[in-house]
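Residues per chain, in single letters:
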Amino acid sequence: MLVFLKKIGFILSGFLLLSFLISYGSLWLLRQSHFYKPAYLANGVVQKQFDYIVLGASTGLTTIDTELIDSELDVKGINLAVDDTSLPSQYLMLQHFLAEGKQTDYCILAPNPTNYTTKHDDISDNDYRFLMYIDRPYVYDHFKNFTGFRAHALTLSRWLPTIGVSYYNAEVFYPSLLSVLSPERRNRFDINGNYTYPNYKTPSRPIENFENFPIDFTNNYLKKIKALCQLHDITLICYISPMEGKKAAFDDTEYLIIDHSDVLKDSRYFHDMIHVNTLGRDKASRQLTIDFNKYIITEQ
C-alpha cells in the first residue's frame with residue numbers, strides 16, 4: 001500500500017510540475033509575442049513619445065482610425081483600446097503604457113458610453129490579456145481589486161500560473177503555441193492598433209429622432225485615469241462614440257468632452273447600436289480629426 005501511495009504521489013508531483021512548466025512557458029511565449037495589445041505595446045512598438053493615445057473598449061477600437069488622424073494632422077498616435085473591457089481595464093492599460101517608458105501629450109478615452117456612469121465595476125472579459133504580466137505589481141493589484149472566481153484565478157496565477165492558463169486555455173495556451181510559429185502575429189488589430197467592422201449591406205435609413213442618453217461622468221476609475229494623466233502631464237479627453245438614435249445628455253463637467261454620440265445620422269454607418277462599420281469609422285474619424293485639432297491649436 002505504501003509503495004502504491006508513493007507512486008501516486010510521484011505521478012501527481014510530476015503532473016503538477018509539468019503543468020506548471022507548460023503554463024509558465026505559455027505566459028513567457030505570450031510575453032515575447034505581439035499577439036495581444038499589452039505584449040505588442042512592449043515588443044512591437046518602438047516609439048516612446050506619442051502625440052496621443054486612444055484608450056477604450058470595442059467602441060474606441062473600431063471607431064477611431066489613428067492612421068487617418070495622423071495623416072491629416074501630421075501627428076503620431078496609437079490605438080490601445082481593447083474590446084470587451086471597461087474603465088478599470090483602460091486604467092490598467094494606461095499604467096502599462098507608462099510602465100513601458102512611453103509618454104503622450106493627449107489621451108483620448110473612448111469606452112462604451114455607459115461605462116462613464118457605472119457605479120460598480122467588475123473585472124472585464126478580456127482582462128486575461130494582461131495575464132503574462134501578472135508579476136508586475138500594477139497588474140496584480142488590478143486583479144486583486146475584484147472578487148469572483150475569474151479575478152481569483154488571475155490573482156493566484158502569480159504563484160500558480162496553471163490556474164489562469166487552465167481557465168483561459170483557449171485564449172492563452174493556444175495563442176502561445178501560435179506565437180511560436182508567428183511571434184509577430186496580432187489578434188484583430190493592425191500595426192497602429194486599429195480594427196474595423198466590415199460594411200454589411202445595411203439599407204440607408206436617415207436617423208431623424210435621437211433619444212437622450214444620460215451620462216454623468218461619475219465612475220471612480222474615470223477619476224483615477226484623470227489623476228494619472230495629470231501626474232504625467234497628459235491632457236485627458238473623454239470621447240463619446242456614435243450611437244444609433246441616441247444623443248448624450250450631460251451637464252457641465254470638469255472633463256474635456258468630444259461628443260460624437262449623434263454625429264452619424266444614417267443607419268448605413270452602423271454595425272450595431274453602438275458600433276460603427278468601416279464607413280462609419282471613416283466619417284467619425286474625420287470629424288474627430290477636426291474636433292481634436294481644436295484642442296491642439298488651443299494649447300500651442
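Details of the structure are given in the entry above.
Quick summary incoming for the structure in this document. These numbers come from a predicted model, not from an experiment.

**Concerning the packing of helix α6 (residues 137-144) against helix α7 (residues 149-156)**
Taken N-terminus to C-terminus, the directions of α6 and α7 make an angle of 155°; their axes are 8 Å apart at the nearest point. Taken together, the axes of α6 and α7 lie roughly antiparallel to each other. Both α6 and α7 take part in a crossing whose hand is left-handed. Residues Tyr140, Phe143 and Lys144 of α6 form the contact with α7, whose participating residues are Ala151, Leu154 and Thr155. Among the residues forming the contact of α6 with α7, the class breakdown is 4 nonpolar, 1 polar and 1 charged.

**Observations concerning helix α10 (residues 220-231)**
In this model α10 runs 17 Å from its N-terminal to its C-terminal C-alpha over 12 residues, within 8% of the 16 Å that 1.5 Å per residue would give. Taken as a whole, α10 has its buried residues at Tyr221, Leu222, Ile225, Lys226, Leu228 and Cys229. The buried residues of α10 occupy an angular sector of 165° when the element is viewed end-on, so they sit on one face. In α10, the exposed positions angled more than 90 degrees off the buried face are occupied by Gln230 and Leu231. Of the surrounding secondary structure, the elements contacted by the buried residues of α10 are α5 (87-99), β3 (103-110) and β5 (235-240). Sitting at the amino-terminal end of α10 is Asn219, which places a side-chain oxygen 2.7 Å from the backbone nitrogen of Tyr221. Asp233 occupies a position one or two residues after α10 and carries a positive phi of about 55°.

**Describing the pattern of salt bridges**
As enumerated under the stated definition, the model contains 13 salt bridges in all. With a shortest N-O distance of 3.1 Å, Glu244 and Arg205 are connected by a salt bridge. Taken together, the residues Glu244 in the loop between β5 and β6 (246-249) and Arg205 in the loop between α9 (169-181) and β4 (211-214) connect sequence positions 39 residues apart. Here Glu244 falls in the buried class, since its relative accessible area comes to 14%. Here the salt bridges share partners, and the residues they tie into one network are Glu72, Asp282 and Arg286.

**Let's talk about the state of the cysteines**
Under the counting rule described, the total for this entry stands at 0 disulfides. Here Cys107 is not cross-linked by a disulfide; its sulfur's nearest cysteine counterpart is in Cys229, at 4.5 Å. Looking at Cys238, it has no disulfide partner, and the nearest cysteine sulfur is the one in Cys107, 8.6 Å off.

**Focus: the sheet that holds β5**
Spatial strand order, β2-β1-β3-β5-β7: 5 strands in an open sheet with parallel pairing. Either end of the sheet is taken by a strand with one partner, and the two such strands are β2 (77-79) and β7 (256-259). Averaged over all pairs of adjacent strands, the angle between strand axes in this sheet comes to 25°, irrespective of strand direction. Where α10 meets the sheet, it contacts β3 and β5, and its direction lies at approximately 145° from that of β5.

**A word on the environment of Leu160**
Looking at the element boundaries, Leu160 is found in the loop between α7 and α8 (161-167). Sequence-wise, Leu160 and Arg188 are 28 residues apart; in three dimensions their C-alpha atoms are separated by 29 Å.

**Some details on the packing of α5 against α6**
Contact geometry for α5 and α6: axes closest at 10 Å, N-to-C directions at 170°. When the interaxial angle is binned, α5 and α6 end up roughly antiparallel. Residues Pro88, Ser89, Leu92, Gln95, His96 and Ala99 of α5 pack against Tyr138, Val139 and His142 of α6.

**What about the packing of aromatic side chains?**
A full pass over the atoms with the stated rule returns 17 aromatic pairs. An aromatic cluster is defined as three or more aromatic residues linked by ring pairs; in this entry it consists of Phe35, Tyr36, Tyr128, Phe149, Tyr167 and Tyr168. Geometry around Phe189 places Lys37 over its ring, the cationic atom sitting 5.3 Å from the centre.

**Notes on the nonpolar core**
In terms of nonpolar packing, the biggest core is built from 58 residues, with Ile53, Phe217 and Leu222 touching the most fellow members. Among the elements that line this core, the one with the most residues is α5, at 7 residues. With residues near it in sequence (within four places) discarded, Ile53 still touches Ile78, Leu80, Leu94, Phe97, Thr104, Tyr106, Cys107 and Ile108.

**A look at the environment of Ile53**
By secondary structure assignment, the location of Ile53 is in strand β1 (residues 49-56). In this structure the C-alpha to C-alpha distance between Ile53 and Leu80, which are 27 residues apart in sequence, comes to 6.8 Å.

**A word on the environment of Arg286**
Summarising the element assignment, Arg286 is placed in helix α11 (residues 278-299). Owing to a relative accessible area of 41%, Arg286 belongs among the partly exposed residues under this scheme. Sequence separation of Arg286 and Gly164 is 122 residues, and the distance between their C-alpha atoms is 41 Å. The residues contacting Arg286, other than those within four sequence positions of it, are Leu68 and Glu72.

Calculation rules
- Residues numbered from 1 in each chain as written.
- Predicted model: local features only at pLDDT ≥ 70, side-chain atom pairs only at ≥ 80, totals over all residues.
- Heavy atoms only, no water.
- Axes fitted to C-alpha atoms, helices over the stretch in contact; angles between N-to-C directions.
- Helix = DSSP H or I, 4+ residues; strand = E, 2+ residues; numbered from the N terminus.
- Parallel < 35°, antiparallel > 145°, perpendicular 65-115°, else oblique.
- Left-handed = near helix turned anticlockwise from the far one by under 90°.
- Contact = heavy atoms within 4.5 Å.
- Nonpolar A, V, L, I, M, F, W, Y, C, P; charged D, E, K, R; others polar.
- Expected span 1.5 Å × (residues − 1).
- Buried < 20%, exposed > 50% of the residue type's maximum accessible area, 1.4 Å probe, protein only.
- Arc of directions from axis to C-beta.
- Polar contact = N/O pair within 3.5 Å; in protein donor to acceptor, adjacent residues only side chain to side chain.
- Salt bridge = Lys/Arg side-chain N within 4 Å of Asp/Glu carboxyl O.
- Disulfide = S-S within 2.5 Å.
- Pairing = 2+ DSSP bridges.
- Phe/Tyr/Trp six-rings, centres within 6.5 Å; stacked < 30°, edge-to-face > 60°.
- Lys NZ or Arg CZ within 6 Å of the ring centre and 35° of its normal.
- Core = buried A, V, L, I, M, F, W, Y, C linked by side-chain atoms within 4.5 Å.

Note that every value here comes from positions in space, so none of it alone points to a role or purpose.
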